[in-house]
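Coordinates in review
Chain by chain, the residues run as shown.
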Amino acid sequence: MSEPIISIRNLKKVYHVGEVDVNALRGVDLDIKRGEFMCIVGHSGSGKSTLFNILGGLTPPTSGTVMINGKDLRGMTEGERTNLRKTEIGFIFQKYNLLPTLTASDNIAIARSIAGKGDTADPQFTEILKLLGISHRLNHKPRALSGGEQQRVAIARALVNHPSILLADEPTGNLDTENSNIVLGILRDLNERLGQTIVMITHNPEAATYGHSITHMRDGSIIG
Ligand code: ADP
Ligand code: MG
């Protein structure tokens, strides 16, 4: 058995809000294998986004360990964590987060140049664009694209540096059923055809059926 790509042990996160402590994660243990498409489901407030932000190195945990590709997030310097975010992890958000003044193509290109990869040819990425079905829409700015197209551009941006993990937080939260199904089908294809490891957070049980495994969260804990 190869070691998990993500390994989480006794992960806790407490937010201090005025006088009150909010226990957003209460000791989470989770292993995610390379090539897995894992869905994490739970009601609003169950701690899903907190877990997402910790996995992506965006928020520090209160205690516990997170290993990504065999490296402990805690032992990393800020620079190493930034590098992890730029090259190892691709992020997809509910609201796409595209830059409105740039074309789709430039939104994607900028992620590549931020990671220091410039504009060297990348035949594998051409294949990804084909799979996303947006090659003909790349010269448009986000406002000229539908929500589904914007999310597909955001997926392209997340994949441009060939991250080992794709993290998605409610990727279909702003989409109608038809576009949700398109985006979820794309994620499944990326996983099945290219072996992309995916962790998708959703409160929609139907969306969760697209993955291999479902992890349920409630009140900051995993309940199976
Ligand atoms: P979910 O994504 O499942 O809706 P969250 O991780 O966003 O859950 O939230 C879990 C709990 O932590 C909630 O009670 C929420 O109010 C609280 N919480 C989340 N982020 C913060 C924050 N930045 N400051 C204070 N409390 C927070
Ligand atoms: Mg959330």
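This report concerns the structure included in the present document.

How each quantity is defined
- Residues numbered from 1 in each chain as written.
- Chains lettered and ligands numbered in written order.
- Predicted model: local features only at pLDDT ≥ 70, side-chain atom pairs only at ≥ 80, totals over all residues.
- Heavy atoms only, no water.
- Pairing = 2+ DSSP bridges.
- Helix = DSSP H or I, 4+ residues; strand = E, 2+ residues; numbered from the N terminus.
- Contact = heavy atoms within 4.5 Å.
- Axes fitted to C-alpha atoms, helices over the stretch in contact; angles between N-to-C directions.
- Near = heavy atom within 4 Å.
- Polar contact = N/O pair within 3.5 Å; in protein donor to acceptor, adjacent residues only side chain to side chain.
- Areas by Shrake-Rupley, 256 points an atom, 1.4 Å probe, with all protein chains shown as cover.
- Buried < 20%, exposed > 50% of the residue type's maximum accessible area, 1.4 Å probe, protein only.

Once that is clear, we can look at the sheet that holds strand β5 (residues 71-72). In any sheet, the strands associate via hydrogen bonds between backbone groups, in a parallel or an antiparallel arrangement. A sheet is described by the order of its strands in space; here four strands give the open sequence β2-β1-β4-β5, paired in antiparallel fashion. At either margin of the open sheet sits one strand with a lone partner, and together these are β2 (20-32) and β5. Of the strands in this sheet, β1 (6-17), β2 and β4 (63-68) touch helix α1 (residues 48-55), which is tilted by about 115° from β1.

Time to look at the site of ligand 1. Taken together, Y15, V17, V22, A24, H43, S44, G45, S46, G47, K48, S49 and T50 form the complete shell of residues around ligand 1. Here an oxygen atom of ligand 1 sits 2.6 Å away from a polar atom, N or O, in the main chain of G45. Summarising the interface, the protein chains cover 60% of the accessible area of ligand 1, which totals 560 Å² for the free molecule. Mapped onto the shell around ligand 1, the elements with two or more residues apiece are β1, β2 and α1. Ranked by residue count, the leading element in the shell around ligand 1 is α1, at three residues.

The phi torsion at N69 lies on the positive side, around 50°, for a residue other than glycine. Considering the arrangement of structural elements, one finds N69 in the loop between β4 and β5. One non-glycine residue, N97, adopts positive backbone phi at about 55°. Along the chain, the position of N97 falls in the loop between β6 (89-92) and α3 (104-114). Using a relative accessible area of 40% as the deciding quantity, one classes N97 as partly exposed.

The values reported here are purely geometric and, on their own, carry no functional implication.
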